[in-house]
Amino acid sequence: MTPTRLALALATTTLLLVTAGPARADEGPSVPPGTEASASAPVEPDPNDPDLKLPDGATLAQAKVLDIKSVVEDQSGDERREDTNADVKFALQAEVLFGKDSARLSAESRARVAGIAEEIRAQNATRIRVFGFTDDLGSSAHGDVLSKRRADAVQQILVQELDDADITYEVRGYGEQYPIADNATEAGRKKNRRVEVSFPRSEG
């Protein structure tokens, strides 16, 4: 190879080594197309636009405060808590409370129910709903009976823990009614097999 060709080859190799480097992704957050920030002012509504006016004789509805719901679910999905302005609801998956096709509470599951009793006491609640639910496997009649037995078992622990004759309980077994997830998957059926305990929030 001639000195000229050798120098050209070395220069080309050096250029490739300098310009080539590891590929890197943009570290900043991406912005979906069409959502970029704009410096222009938003469109001003036309107060005389007929589409923005109420028809003759019409009036606006009374203003009201919408209920705000907060939902917290533990990482395993075994327990979920829903808080609204009026109520508190705990939903416990049946697997963490009972054995398969059973309504007998284990010592660990009794402790979970006792924790709910502490919240009931803190809210000074005197009306408690305990509802049982199943998935849609098996007969509907069997699900109705099993869900009621499980609700009864949870209610009995609450009665023992709270020991308050002024508290009234509404206990029902709804079986496969009112699913909260898709019964077509095992993950969905697991969510549907549950016992819910709900009670009013204190006004204080």
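Residues numbered from 1 in each chain as written. Predicted model: local features only at pLDDT ≥ 70, side-chain atom pairs only at ≥ 80, totals over all residues. Heavy atoms only, no water.

1. Focus on helix H4 (residues 140-162)
Here H4 contains 23 residues, and its C-alpha end-to-end distance of 33 Å stays within 8% of the 33 Å for a straight helix at 1.5 Å per residue. Taken together, the buried positions of H4 are occupied by Gly-143, Leu-146, Ser-147, Arg-150, Ala-151, Ala-153, Val-154, Gln-155, Ile-157, Leu-158 and Leu-162. Looking at the buried positions of H4, the neighbouring elements they touch are helix H2 (94-97), helix H3 (107-122), strand E4 (127-133), strand E5 (168-173) and strand E6 (194-200). (Helix = DSSP H or I, 4+ residues; strand = E, 2+ residues; numbered from the N terminus. Expected span 1.5 Å × (residues − 1). Buried < 20%, exposed > 50% of the residue type's maximum accessible area, 1.4 Å probe, protein only. Contact = heavy atoms within 4.5 Å.)

2. Here's the deal with the confidence of the model for the protein chain
Summing up the model confidence of the protein chain, the mean pLDDT is 81 and the portion of residues at 70 or higher is 76%. Across residues 6-20, confidence stays below pLDDT 50; counting only partners more than four residues off in sequence or on other chains, it has 1 contact. (pLDDT = per-residue confidence, 0-100.)

3. Quick word on the pairing of E6
In terms of burial, E6 is a largely internal element, 7 of the 7 residues being buried. Residues of E6 alternate between two faces, with Arg-194, Glu-196, Ser-198 and Pro-200 on one and Val-195, Val-197 and Phe-199 on the opposite face, all of them buried. Sheet topology note: the strand E3 (residues 87-93)/E6 ladder contains 7 bridges and is antiparallel. The partner of Asp-87 across the bridge, within E6, is Pro-200. Two elements, E4 and E6, share 5 bridges in a ladder whose sense is antiparallel. (Pairing = 2+ DSSP bridges.)

4. A look at the sheet that holds E3
What the 6 strands build is an open sheet, ordered E1-E2-E3-E6-E4-E5; its pairing is mixed. Bordering the open sheet on either side are strand E1 (70-73) and E5, each of which pairs with just one other strand. On average, each strand axis in the sheet is inclined to that of its neighbour by 15 degrees, with strand direction left out of account. Contacts from H3 reach strand E2 (79-83), E3, E4 and E6, with the element oriented near 15 degrees to E6. Relative to E5, H4 is tilted by about 160 degrees, and along the sheet it contacts E4, E5 and E6. (Axes fitted to C-alpha atoms, helices over the stretch in contact; angles between N-to-C directions.)

5. Remarks on the pattern of salt bridges
What the rule picks out here adds up to 16 salt bridges. Of the charged contacts in the structure, one is a salt bridge between Glu-82 and Arg-80, with a shortest N-O distance of 3.2 Å. Using a relative accessible area of 13% as the deciding quantity, one classes Glu-82 as buried. On the accessibility criterion, Arg-80 (13% relative accessible area) is buried. Notably, a salt bridge pairs Glu-170 with Arg-129, separated by 3.6 Å at the nearest N-O pair. Here Glu-170, found in strand E5, pairs with Arg-129, found in strand E4; they are 41 residues apart in sequence, far enough to count as distant. (Salt bridge = Lys/Arg side-chain N within 4 Å of Asp/Glu carboxyl O.)

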